[in-house]
Amino acid sequence: MDRIDRSILRELARDGRISNVALAERVGLSPSACLRRVQELERSGVIRGYRAVTDPARTGRGFAAYVMVGLSSHTKAAQEGFERAMAVAPEVVECHNIAGAFEYLLRVESADLADYKRFHTEVLGTRSHVNAITSYIVMGSPKDERGA
């Protein structure tokens, strides 16, 4: 990747629906050269896809929390079971296996505190091997570049 590829990625991260002509103009390429580069970034897996950025409050997910989860068992089976459960939990929008005092960091989005409590009790609280749950409630997000 060179400076132009990074510029293309930066512009696409800002606006994934930008036309190829406008993108080419912003990065200083001809439209055909720009299209070839974008296609190569897609083909090589640098660009894994495009998605819509939604407003959580307007989609009924205005409450967000980061949740640290500790497991009592550090076996492969315990981790895989936890990861499978999080993969199908619609409230979990991110699940990261991390190093440190906890095994997992989750980003959980729900309608409100009561809905989060239901998730905390009925989903996390019923998983075997979960022995620690620490919630950090998002009060505001002055910078959030996830799918910006």
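The text that follows walks through the structure, step by step, so that each part is easy to find. Please read these numbers as outputs of a predicted model, since none were measured by experiment.

Basis of the calculations
- Residues numbered from 1 in each chain as written.
- Predicted model: local features only at pLDDT ≥ 70, side-chain atom pairs only at ≥ 80, totals over all residues.
- Heavy atoms only, no water.
- Pairing = 2+ DSSP bridges.
- Helix = DSSP H or I, 4+ residues; strand = E, 2+ residues; numbered from the N terminus.
- Axes fitted to C-alpha atoms, helices over the stretch in contact; angles between N-to-C directions.
- Buried < 20%, exposed > 50% of the residue type's maximum accessible area, 1.4 Å probe, protein only.
- Core = buried A, V, L, I, M, F, W, Y, C linked by side-chain atoms within 4.5 Å.
- Contact = heavy atoms within 4.5 Å.

1. Concerning the sheet that holds strand β3 (residues 104-110)
The four strands are arranged β2-β3-β1-β4 in an open sheet whose pairing can be described as antiparallel. Both outer strands of the open sheet, β2 (92-97) and β4 (130-137), are each paired with one neighbouring strand and no more. When strand polarity is set aside, the average angle formed by the axes of neighbouring strands in this sheet is 20 degrees. Where strand β1 (residues 63-71) meets β4, seven bridges bridge the pair, whose relative direction is antiparallel. Across the sheet, residue M68 finds its bridge partner in β4, namely T134.

2. Description of the pairing of β1
Taken across its nine residues, β1 has eight buried, putting it largely inside the fold. Where β1 lies against β3, seven bridges are found, and the strand directions are antiparallel. Of the residues in β3, the one forming a bridge with V67 is L106.

3. Description of unusual backbone geometry
Of note, the phi angle at H129 is positive, near 80 degrees, even though the residue is not glycine. For H129, the location among the structural elements is in the loop between α5 (113-123) and β4.

4. Some remarks on the nonpolar core
Judged by nonpolar contacts, the single largest core of 18 residues is most densely connected at V67, V69, F82, M86, L106, F119 and L124. Where this core is concerned, the elements lending two or more residues are β1, α4 (76-88), β3 and α5. Element by element, the count of residues in this core is highest for β1, at five residues. In this structure F82 touches V69, L71, C95, Y104, L106, L124, R127 and V130, once residues within four positions along its chain are discounted. Membership of the second largest hydrophobic core comes to 13 residues, among which are L23, A33, V38 and I47.

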